[in-house]
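Chain by chain, the residues run as shown.
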Amino acid sequence: MELPEMESMASAIGVSVAVLRFLLCFVATIPVSFFHRFVPGGPTARHLYAAATGALLSYLSFGFSSNLHFVVPMLLGYASMVLCRKYCGVITFFMAFGYLIGCHVYYMSGDAWKEGGIDATGALMVITLKVISCVINYNDGMLKDEDLREAQRKNRLLKLPSLLEYFGYCLCCGSHFAGPVYEMKDYLEWTERKGIWQRSAKGLSPSPYLATFRALLQAAFCMGLYLYLVPHFPLSRFTEPLYQEYGFGKRLFYHYMSGFTARWKYYFVWSISEASIIISGLGFSGWTDSKQPKPRWDRAKNVDILGVELAKSSVQLPLVWNIQVSTWLRHYVYERLIQKGKKAGFFQLLATQTVSAVWHGLYPGYIIFFVQSATMISGSRVLYRWQQATQTVPLKKLFELMNFAYTLLVLNYSSVGFMVLSLHETIAAFGSVYYIGTILPIVLILSGKIIKPARPARSKPHKDQ
């Protein structure tokens, strides 16, 4: 397509040429992933197809330099596995993150995204996580069973993947554009048609088409709602005189609607990536236990929209928002900071959220958002403990409602920093509602230190708390 045609099309839908080029390549991951199912020649040909199509889509979307940026952490990770298996996980973690931070600073990617632009750092973020998880799993392959957690035993790699397998995993059919992040072991079994991807004795094979259609339908709805809402709730409003004329309630409502509006953009992106992973077959995660087994596609799922918008507790948010990255953070940061025989505390939570902030970029808005998310979750846990200690049903319902309202308020208050990024704009937006979303979690945490109700006996622990 000629540049004038690209410009007219971009102008018609209200985006830049760079964003349009990215969107076309991003949507193209769906047919590219579909044809992966029919590549002849066995696993080697499928690895080659995965790597080549991923590199080609990157080139068409971001230019040649993008592939050079992707190759740097990929080669650093592979070299560390070859040369120093004992310490390859730690080496790669810091080197890959160091390179990503350097790219964030050099390209100021947050400013580009905020102004409606695009660059390759978003895809580099996904590749960084994939490289680190692969290398750490290879490192775990040296350890004894008794020293490993369940997730480590499941995902560890006993032998070094070939360079072709490794490149196919990192770039697979453009899945690095927006995720989801998945494990090398799953990628290898899917490519080789082993494990759950092996046809059963009855020839049972999951059909991806209905699930793909649902994901595409969801993507269309999300984009439609986002395009409808965004003109009514622009981020620029926070610095306009009109916003200063709003009363406290209306300002708080605008915080909520700004966060609500922005989330539909992410829902759209993740729905497209979900469709791509499902139609390739990689998103398959097993069969249900019902009389007529149905395929599950949990590996492709990156968000539960209703779970986010109607979350009863802040603790539930990492389980329903950016699910695969949250899983990565839990397995490769949070759990590995817990000393054997000890329980996790606020330090592990804060360190994990700090890593997540740095992964996004070194903008003050990111740092503030993720640090506040740690206090938000801790405050929510206090409300949950009080709820569990309450004996009367009406009071339990009241605490549940309070936790829901608290999550809704603090999440959307905090998310303004994630969107505006700059320190000045973040502080101004927070100050306009008297820092209510900063003060409230701290008050709850301190109150939880003073008011310590007796823990009631429970038959089963609540995993989401």
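In this report, the structure presented in the accompanying data block is examined. (Residues numbered from 1 in each chain as written. Predicted model: local features only at pLDDT ≥ 70, side-chain atom pairs only at ≥ 80, totals over all residues. Heavy atoms only, no water.)

Counting through the fold element by element, Gln152 comes out in helix 8 (residues 150–155). Distance from Gln152 to Tyr246, taken between C-alpha atoms, is 52 Å for residues 94 residues apart in sequence. Not counting the four nearest positions on each side in its chain, Gln152 is found in contact with Asp140, Asp147 and Arg336. There is a polar contact of 3.4 Å between the side chain of Gln152 and the side chain of Asp140. (Helix = DSSP H or I, 4+ residues; strand = E, 2+ residues; numbered from the N terminus. Contact = heavy atoms within 4.5 Å. Polar contact = N/O pair within 3.5 Å; in protein donor to acceptor, adjacent residues only side chain to side chain.)

One can describe the packing of helix 11 (residues 209–229) onto helix 13 (residues 248–280) by two numbers: an axis separation of 8 Å at closest approach and a directional angle of 155 degrees. As judged from the angle between their axes, helix 11 and helix 13 are roughly antiparallel. As helix 11 runs across helix 13, the sense of the crossing is left-handed. Of the residues in the contact of helix 11 with helix 13, the class split is 20 nonpolar, 4 polar and 2 charged. (Axes fitted to C-alpha atoms, helices over the stretch in contact; angles between N-to-C directions. Parallel < 35°, antiparallel > 145°, perpendicular 65-115°, else oblique. Left-handed = near helix turned anticlockwise from the far one by under 90°. Nonpolar A, V, L, I, M, F, W, Y, C, P; charged D, E, K, R; others polar.)

Applying the stated criterion across every chain yields a total of 9 salt bridges. Between Lys194 and Glu192 there is a salt bridge; the shortest N-O distance is 3.2 Å. When its relative accessible area of 46% is taken as the criterion, Lys194 is described as partly exposed. You can call Glu192 partly exposed: its relative accessible area is 25%. For Glu400, the salt bridge goes to Lys312, with nearest N and O atoms at 3.5 Å. Of the two residues, Glu400 is situated in helix 19 (residues 393–420) and Lys312 in the loop between helix 14 (305–309) and helix 15 (317–320); the sequence distance between them amounts to 88 residues. Of the residues examined, Lys312 reaches a relative accessible area of 46% and is grouped as partly exposed. (Salt bridge = Lys/Arg side-chain N within 4 Å of Asp/Glu carboxyl O. Buried < 20%, exposed > 50% of the residue type's maximum accessible area, 1.4 Å probe, protein only.)

In this section: the packing of aromatic side chains. Counted according to the given criterion, the structure contains 41 aromatic pairs. Ring centres of Phe260 and Trp264 lie 5.7 Å apart, and the angle between their planes is 80 degrees; this geometry places the pair in the edge-to-face category. Linking Phe260 with Trp264, this pair stays in helix 13, spanning 4 residues, or about one helical turn. Of the residues examined, Phe260 reaches a relative accessible area of 16% and is grouped as buried. One Lys or Arg, Lys130, reaches over the ring of Tyr169 and ends 5.2 Å from the middle of that ring. Looking at Arg251, its charged tip hangs above the ring of Tyr243, at a distance of 5.6 Å from the centre. (Phe/Tyr/Trp six-rings, centres within 6.5 Å; stacked < 30°, edge-to-face > 60°. Lys NZ or Arg CZ within 6 Å of the ring centre and 35° of its normal.)

What follows covers unusual backbone geometry. Note the cis peptide between Gly179 and Pro180, where omega equals 0 degrees. Structurally, Pro180 can be placed in the loop between helix 9 (163–171) and helix 10 (184–191). Residue Arg193 is not a glycine yet carries a positive backbone phi of 55 degrees. Tracing the sequence through the fold places Arg193 in the loop between helix 10 and helix 11.

For the rest of this paragraph, the subject is the side chain of Asn403. Considering the arrangement of structural elements, one finds Asn403 in helix 19. Beyond its immediate sequence surroundings of up to four residues, Asn403 is in contact with Lys312, Ser313, Ser314, Ser380, Leu383 and Tyr384.

Owing to its 3.6 residues per turn, the α-helix aligns residues three or four sequence positions apart on the same side. Burial runs high along helix 10: 6 of the 8 residues are buried. All of the buried residues in helix 10 are Met184, Asp186, Tyr187, Leu188, Trp190 and Thr191.

What follows deals with the nonpolar core. With 107 residues, the main nonpolar core has Met74, Phe97, Tyr166, Tyr187 and Trp328 as its most contacted residues. Looking at this core element by element, the count peaks at 13 residues for helix 13. When neighbours within four sequence positions are excluded, Trp328 is seen to be in contact with Phe93, Phe97, Leu129, Ile132, Ser133, Val181 and Val333. Listed in part, the 7 residues of the second largest apolar core include Tyr363, Phe370, Phe418 and Leu421. (Core = buried A, V, L, I, M, F, W, Y, C linked by side-chain atoms within 4.5 Å.)

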